[in-house]
Structures are given as structure tokens and as C-alpha cells.
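# Structure assessment
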Amino acid sequence: MTKPSLITETQPVFITHDTYKRECRYMRRIELSEQDMHAILESMDEDTRVYFSFHNVERSITAGTLLNGYDGFARAIYCYIKQQYDTALHDLINGQDFYVKVIN
């Protein structure tokens, strides 16, 4: 399995944020498999999972889904990738905006 990495977009990507009723602009993404995303969601504590739902209202975790990132989500992804892939993505937890693209 390929280790996840941060990808810098050449053009901004806009993802709807249903709760804020606006589009969020992103220049960085990380691609995670459906399996990894489900494992990350399972690893989250209740507060982090609720906040994930706030940022990604009723989004399915299937290939092609784009998810809004936020600090707590970044930390959950960082910890999971460090444990499962022995890779530390320090740039993911530097406070800059990012989004997740769910892949197969």
C-alpha cells in the first residue's frame, strides 16, 4: 500500500461546507483509502468525531468523496499514518488548510 503524502494543488479546489453555507478553498490535499478513512474515524474520540460531522455533514466515505479538513482531523490522520505507515507528516499538522480525497 502506498504511503499517504500531502499534495499541493496547481489550482485551488473548492469544497462545499454545508454548515457554513459556503465553499472552502484548498491548495493542499491528502489522499486516503476508504479503509484508512474508516480506521481513522474509528480511532477518533467522540468530540473529534462530532466535529468531523460538523465539517462534513452526511458525507459518505466512498471513493471520490472530498472532505473538509480541520485541526482535529489533521491530528487524527497524522497519528494514524505515523502508526500504520511509520511516516510522520509534520506539514499536515502545521495549521494550514487541507482537504481529503477518499480513494479506493
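Residues numbered from 1 in each chain as written. Predicted model: local features only at pLDDT ≥ 70, side-chain atom pairs only at ≥ 80, totals over all residues. Heavy atoms only, no water.

Looking now at the environment of Ser 53. The topology assignment puts Ser 53 in helix α2 (residues 46-55). Taking relative accessible area as the criterion, Ser 53 reaches 40% and is therefore assigned partly exposed. Each C-alpha atom of the pair Ser 53 and Thr 19 lies 9.7 Å from the other, and the pair is 34 residues apart in sequence. (Helix = DSSP H or I, 4+ residues; strand = E, 2+ residues; numbered from the N terminus. Buried < 20%, exposed > 50% of the residue type's maximum accessible area, 1.4 Å probe, protein only.)

The subject of this paragraph is the pairing of strand β4 (residues 99-103). Sheet topology places strand β2 (residues 22-33) next to β4; 5 bridges connect them, and they run parallel. Each bridged residue has a counterpart across the sheet, and for Arg 29 the counterpart in β4 is Tyr 99. As defined by bridge partners, strand β3 (residues 66-68) adjoins β4 across 3 bridges and the pair is classed as antiparallel. Bridge pairing in β4 links Leu 66 to Lys 101. (Pairing = 2+ DSSP bridges.)

Turning our attention to the packing of aromatic side chains. Within the structure shown, the criterion is met by 7 aromatic pairs. With a centroid separation of 5.7 Å and an interplanar angle of 45°, the aromatic rings of Tyr 26 and Tyr 99 are classed as tilted. Note that Tyr 26 is positioned in strand β2 and Tyr 99 in strand β4, a separation of 73 residues in sequence. By the burial criterion, Tyr 26 is buried, and Tyr 99 matches it. In textbook terms, an aromatic cluster arises when at least three aromatic residues are bridged by ring pairs, as seen for Tyr 20, Tyr 51, Phe 52, Phe 54, Tyr 70, Phe 73 and Phe 98. (Phe/Tyr/Trp six-rings, centres within 6.5 Å; stacked < 30°, edge-to-face > 60°.)

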